[in-house]
Amino acid sequence: QRPPWPDPAALAQVTAELAALPPLVVPDECDRLRALLRDVARGQAFLLQGGDCAETFAAATAESVRDKVKVLLQMAVVLTYGAAVPVVKVGRIAGQYAKPRSRPTEIVDGVEVPAYRGDAVNAAAPADRVPDPRRMIQAYHCATATLNLVRAFATGGYAGLRQVHAWTTDFVRRSPVGERYEALAADIDRALAFMRACGVDLDRLATAHGVELFASHEALLLEYESALTRWDGGRGAAYDLSAHLLWVGDRTRDPDGAHVDFLARVANPVAVKLGPSATPAQVTALVDRLDPHREPGRLTLITRMGAARVRDLVPPLVAAVQAAGATTVWACDPMHGNTVVAADGRKTRHFDDVVAEVRAFFAVHRELGSVPGGLHIELTGDDVTECLGGHEEVADLGVRYETACDPRLNTSQSLELAFLVAEMLRAG
Ligand code: TRP
Ligand code: MN
């Protein structure tokens, strides 16, 4: 998956520049997320991780970031209130600028061109596909600006519990799921009023005013990740300070490969995506490499099997983790195993398949005595039509299909999923 950078000297110049720039996050925050994920691994909290499949430089705007944060907050509040469980909120945001590809080239309008590998590597425009390392500098600056806004939204009052109504958008409010959300928001207002009447001073309660919102992305471009990795002398450990949590994808999870080796060397919480080809032996090797001290919260395993295959494929992997004496977080990515090609040639996902995979994930873990700990999804705050189905019944992908890579759930579909998952959590 390493891009064929054409000019080694230019690449070296870029990594030197990145290595001299300030980090995006600090080790304390990474440790904090690791501690929260320990609660998730033990079944005392739920992980919600979501955002774009691929972020683009063009979409690093105030509106786009705000709307993505909005959906995450809405989903989080539905889960927190609906299931009465603490939710650990992690965005696929501020760094998700590189994409793994199945083939190095693709055919566009009959011409073979290098594949688009994400804005951090090359341009989406077919004429501009030569990898340019300077794009990693631009990725750094977009990530910085994005994370700055995310932090402002999370702690600047916007995320406060009095704002629950304000996170919904007009195009959702009028829909059935929007009405359900408004009803929940009214319940929360009543609960807050009740607490106030009981003498709880909500204004002095920091937790009512904001949220902890963490950043994550796939650690794919090892040049970028290494340059932003810093040694912490006090802790005697290295941290990848480009994000709080990093994961490796299903294509780069070879236990003896460079990407896993990189994650093994940093003290951040880390995650691995597991697709249908993952074997119990590989999972055992991943646990040994990435969680040698068996610390719950260090390693998150994200399964993405496809709705029909969860029941067959997940149990042997859970058994491997249990036999290794590890307690990982188990999260469900119900998106990537359910991608299909629609009649018009576009990639899409059916909402029913997404829900079916999450249901099977909960059922399987409950049977095995392991913890269904989290949800990893691709979503956007925009009113797009990229995934089919849902209450609003998206039937025509052509209306607004804008993704730079995989099809994302729109706001209504994301909210609907949150209500369903809250029910599944409550049933446990
Ligand atoms: N701070 C608490 C939490 O993170 C409560 C809270 C405030 C909250 N704003 C929120 C929960 C927005 C979900 C969404 O859980
Ligand atoms: Mn994707």
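Look above for the structure.
Structure report, in brief.

The pairing of strand β3 (residues 105–108) with strand β4 (residues 111–114) spans four bridges and is classified as antiparallel. By the bridge assignment, I107 is partnered in β4 with E112. Remark: two residues form the turn of the hairpin made by β3 and β4, two consecutive strands paired antiparallel; D109 in that turn has positive phi of roughly 50°.

What follows is about the coordination of the manganese ion (ligand 2). The protein atoms donating to the manganese ion (ligand 2) are C53 (SG), H336 (NE2), E378 (OE) and D406 (OD), with metal-donor distances spanning 2.2 to 2.5 Å. Sequence spacing of the donor residues for the manganese ion (ligand 2), all on one chain, is C-x282-H-x41-E-x27-D. Of this pair, C53 sits in the loop between β1 (46–51) and α3 (62–83) while E378 is found in strand β14 (residues 372–378), placing the two residues 325 residues apart along the sequence. The two residues C53 and E378 agree in class, both being buried.

Over the atoms rolls a probe the size of a water molecule, and in doing so it shows where empty space is left. By the definition in use, this model includes three cavities of 30 Å³ or more. Empty space within the largest cavity amounts to approximately 70 Å³. Lining the largest cavity we find G95, Y97, A98, A120, A139, H217, E218, L220, L221, Y224 and E225. Elements represented by at least two residues in the lining of the largest cavity include exactly β5 (213–218) and α8 (222–227). Grouping the amino acids of the lining of the largest cavity by side-chain chemistry returns seven nonpolar, two polar and two charged. Contributing to the lining of the second largest cavity are D52, E55, T56, A59, A60, V65, K68, Y97 and T146.

The next subject is the sheet that holds strand β2 (residues 87–92). Strand order in the closed barrel formed by eight strands is β1-β2-β5-β8-β9-β10-β11-β14, and the pairing between neighbours is parallel. Strand after strand, the sheet turns through a mean of 25° between neighbouring axes, direction not considered. Where strand β8 (residues 245–248) lies against strand β9 (residues 270–274), three bridges are found, and the strand directions are parallel. Paired with V248 across the strands is V272, a residue of β9. Helix α10 (residues 280–290) contacts β9 and β10 (299–303) of the sheet and is inclined by roughly 170° relative to β9.

Taken as a whole, this structure holds 32 salt bridges when the rule is applied. A salt bridge links R173 to D170; the nearest nitrogen and oxygen atoms lie 3.0 Å apart. In this pair, R173 and D170 are both assigned in helix α5 (residues 170–173), three residues apart and thus about one turn of the helix distant. Assessed through its relative accessible area of 31%, R173 is described here as partly exposed. A relative accessible area of 47% means that D170 is categorised as partly exposed. Among the ionic contacts, a cluster of salt bridges with common partners joins R92, K347, R349, E378 and D406.

Counting residues in each nonpolar core, the largest one holds 116 residues, and the members touching the most others are Y224, L274, L375, L417 and V421. A per-element tally of this core places α3 first, with 11 residues. By size, the runner-up hydrophobic cluster in this structure holds 16 residues, among which are L37, V90, F214 and A271.

Size it by volume and the largest pocket reaches roughly 960 Å³. If you go around the largest pocket, you meet 32 residues; those closest to its centre are P100, R101, K347, C405 and D406. Of the residues forming the lining of the largest pocket, the biggest block, three residues, is contributed by β3. Of the residues contributing to the lining of the largest pocket, the split by class is 11 nonpolar, six polar and 15 charged. By volume, the second largest pocket is sized at about 640 Å³. Lining the second largest pocket are 28 residues, and of these T80, K89, L161, T207 and V211 lie nearest its centre. Broken down by secondary-structure element, the contributors of at least two residues to the lining of the second largest pocket are α2 (27–41), α3, β2, α6 (176–197) and α7 (206–209). For the lining of the second largest pocket, the class distribution of residues is 21 nonpolar, three polar and four charged.

Definitions and cut-offs
- Residues numbered from 1 in each chain as written.
- Chains lettered and ligands numbered in written order.
- Predicted model: local features only at pLDDT ≥ 70, side-chain atom pairs only at ≥ 80, totals over all residues.
- Heavy atoms only, no water.
- Pairing = 2+ DSSP bridges.
- Helix = DSSP H or I, 4+ residues; strand = E, 2+ residues; numbered from the N terminus.
- Donors = N, O, S within 2.8 Å, 3.2 Å for Na, K, Ca; no water.
- Buried < 20%, exposed > 50% of the residue type's maximum accessible area, 1.4 Å probe, protein only.
- 1 Å grid on protein atoms, 1.4 Å probe; cavity = no way out; pocket = protein on both sides within 12 Å on 5 of 7 lines; lining within 4 Å.
- Points joined across faces, edges and corners; volume = space filled by probe spheres on them.
- Nonpolar A, V, L, I, M, F, W, Y, C, P; charged D, E, K, R; others polar.
- Axes fitted to C-alpha atoms, helices over the stretch in contact; angles between N-to-C directions.
- Contact = heavy atoms within 4.5 Å.
- Salt bridge = Lys/Arg side-chain N within 4 Å of Asp/Glu carboxyl O.
- Core = buried A, V, L, I, M, F, W, Y, C linked by side-chain atoms within 4.5 Å.

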